[in-house]
Amino acid sequence: SSPAAGSGAPSLHDDVEKVLLSAEEIEQRLTELGAQIAADYAEEPPILVGVLKGAVMVMADLARRIDLRTEMDWMAVSSYGSGTKSSGVVRILKDLGTDITDRHVLIVEDIIDSGLTLSWLLSNLRSRGPRSVEICTLLRKPEAARVEIDVRYVGYDIPNEFVVGYGLDFAETYRNLPYVGVLKRSVYED
Ligand code: 5GP
Ligand code: MG
Ligand code: MG
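Here's what I pulled together on the structure shown here.

Cut-off values and rules
Along each chain, residue indices are assigned from 1 in the same order as the chain's sequence is written. Numbering of ligands from 1 and lettering of chains from A proceed in the order in which they are written. For this predicted model, a pLDDT threshold of at least 70 governs which residues receive local features, and a threshold of 80 or more governs which side-chain atom pairs are given and counted, while totals over whole chains, interfaces and linings are taken from all residues. Based on all heavy atoms of the structure, the side-chain values leave hydrogens and waters out of the count. Comment: elements are numbered from the N terminus, with helices defined as DSSP H or I runs of at least four residues and strands as E runs of at least two. Here the radius of gyration uses the C-alpha set of atoms, whereas the globule reference equals 2.2 Å times the residue count to the power 0.38. Working rule for contacts: check all heavy atoms of both residues, and any pair within 4.5 Å makes them a contact. Each accessible area value is a Shrake-Rupley result obtained with a 1.4 Å probe; residue values ignore everything except the protein chains displayed when judging cover. His is not counted, nor are the chain ends, whereas Lys and Arg count as positive and Asp and Glu as negative. Think of each charge as sitting on NZ of Lys, CZ of Arg, CG of Asp or CD of Glu. Salt-bridge detection follows one rule: a side-chain nitrogen of Lys or Arg within 4 Å of a carboxyl oxygen of Asp or Glu. When accessible area is computed with a 1.4 Å probe and restricted to protein chains, residues below 20% of their type maximum are described as buried, those above 50% as exposed, and intermediate ones as partly exposed. Only nitrogen, oxygen and sulfur atoms qualify as donors, provided they sit within 2.8 Å of the metal or within 3.2 Å for Na, K and Ca; with water excluded from the atoms, sites may seem incomplete. Any two strands with at least two DSSP-identified bridges between them are counted as paired. Stacked, tilted and edge-to-face are the three classes applied to pairs of Phe, Tyr and Trp rings, where Trp contributes its six-membered ring and a pair requires centres within 6.5 Å; stacked means planes under 30 degrees apart, edge-to-face means over 60, and tilted covers the rest.

A word on the overall build of the chain
Within the chain, the secondary structure is distributed over four helices and nine strands. For the chain, the N- to C-terminal ordering of α and β elements is β-α-β-α-β-β-β-α-β-β-β-β-α. Computed over C-alpha atoms, the radius of gyration of the chain comes to 17 Å, within 12% of the 16 Å expected from 2.2 N^0.38 for 190 residues, which places it in the range of a compact globule. The dimensions of the chain, computed from C-alpha atoms along their principal axes, are 55 × 35 × 30 Å. Nonlocal contacts in the chain, meaning residues at least 24 apart in sequence, comprise 66% of its contacts between residues at least 6 apart. Taken as a whole, the chain presents about 10200 Å² of accessible surface, with 48% of it coming from carbon and sulfur. Of the side-chain charges in the chain, 20 are positive and 30 negative, and the distance between the mean point of each set is 3 Å.

A word on the pattern of salt bridges
Overall, the coordinates contain 14 salt bridges when judged by the stated rule. Across the pair Glu32 and Arg29 runs a salt bridge whose closest N-O atoms are separated by 2.6 Å. In this pair, Glu32 and Arg29 both sit in helix 1 (residues 23-40), three residues apart, roughly one turn of the helix. You can call Glu32 partly exposed: its relative accessible area is 44%. Arg175 is paired through a salt bridge with Asp169; the nearest N and O atoms lie 3.5 Å apart. Through salt bridges with shared partners, a single ionic network connects Lys53, Asp169, Glu172 and Arg175.

Digging into the coordination of the magnesium ion (ligand 2)
Note on metal geometry: ideal angles are 109.5 degrees for four donors arranged tetrahedrally and 90 or 180 degrees for six donors arranged octahedrally. Within the protein, the atoms that donate to the magnesium ion (ligand 2) are Glu109 (OE) and Asp110 (OD), at distances of 2.2 Å. With respect to burial, Glu109 and Asp110 carry one shared label: buried.

As for the pairing of strand 2 (residues 47-52)
Burial analysis of strand 2 places five of its six residues in the buried class, which makes it a mostly covered element. Pairing analysis gives four bridges linking strand 2 to strand 5 (residues 104-112), with the strands arranged parallel. Counted as the bridge partner of Gly50 is Val108 from strand 5.

What to know about the sheet that holds strand 9 (residues 180-183)
The sheet built from three strands is open, its strands ordered 1-9-8 with antiparallel pairing. A single partner strand is all that each edge strand has here, and the edge strands are strand 1 (16-21) and strand 8 (163-164). In the sheet, strand 8 pairs with strand 9 via two bridges, with the strands oriented antiparallel. In the strand pairing of strand 9, Val163 is matched with Val182.

Overview of the packing of aromatic side chains
In total, this model carries three aromatic pairs according to the counting rule given. Between the aromatic rings of Phe162 and Phe170, the centroid separation amounts to 6.4 Å while the plane-to-plane angle is 80 degrees, which identifies the pairing as edge-to-face. An aromatic cluster is present here, built from Phe162, Phe170 and Tyr188 joined pairwise through their rings.

This is how it looks when you write it as structure tokens:
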């Protein structure tokens, strides 16, 4: 069948139970964070380090709202762990292409849940001799408050629900939803 869906074709959006954060709300918050980051780093721009793949949308929209001569680089990491819980044991799948010695680093994340992945990443990056390492995350879940990570920039604190969209996946799907939402139970159960 044709990939160009006609009217009446099933929509990606049909799988969504509710929208938690609209595209407009996300854009508005990232505009505020971008301005704050530009002010905080006015003396020396940071290198933005996006964590693949979830942070792709946040990076794209945030970076365009930071009016500085900043750079972007990417890391991909995988947490060993059972199922949906991360274990804190992390493997680098793709490393930075940049030497961050003496640089200001700003990690760009989609979501912090347990914070285990991020605390591993923090100590890994800190071991490379950067001038500073800070974190910007679009979303933060309640459990993250229990780990000792100082997150400088937070978009939204959200309830302890599994969310998708705006970079966040369920089984690699739904990253391209333009908003953050919660899936219908039937999506998991089928
Ligand atoms: P943690 O902070 O527990 O080490 O793990 C964070 C990672 O778990 C995120 O980068 C993301 O990949 C995944 N994650 C945590 N909560 C959610 C969620 O609600 N939805 C999705 N799609 N991924 C999540
Ligand atoms: Mg992430
Ligand atoms: Mg995922």
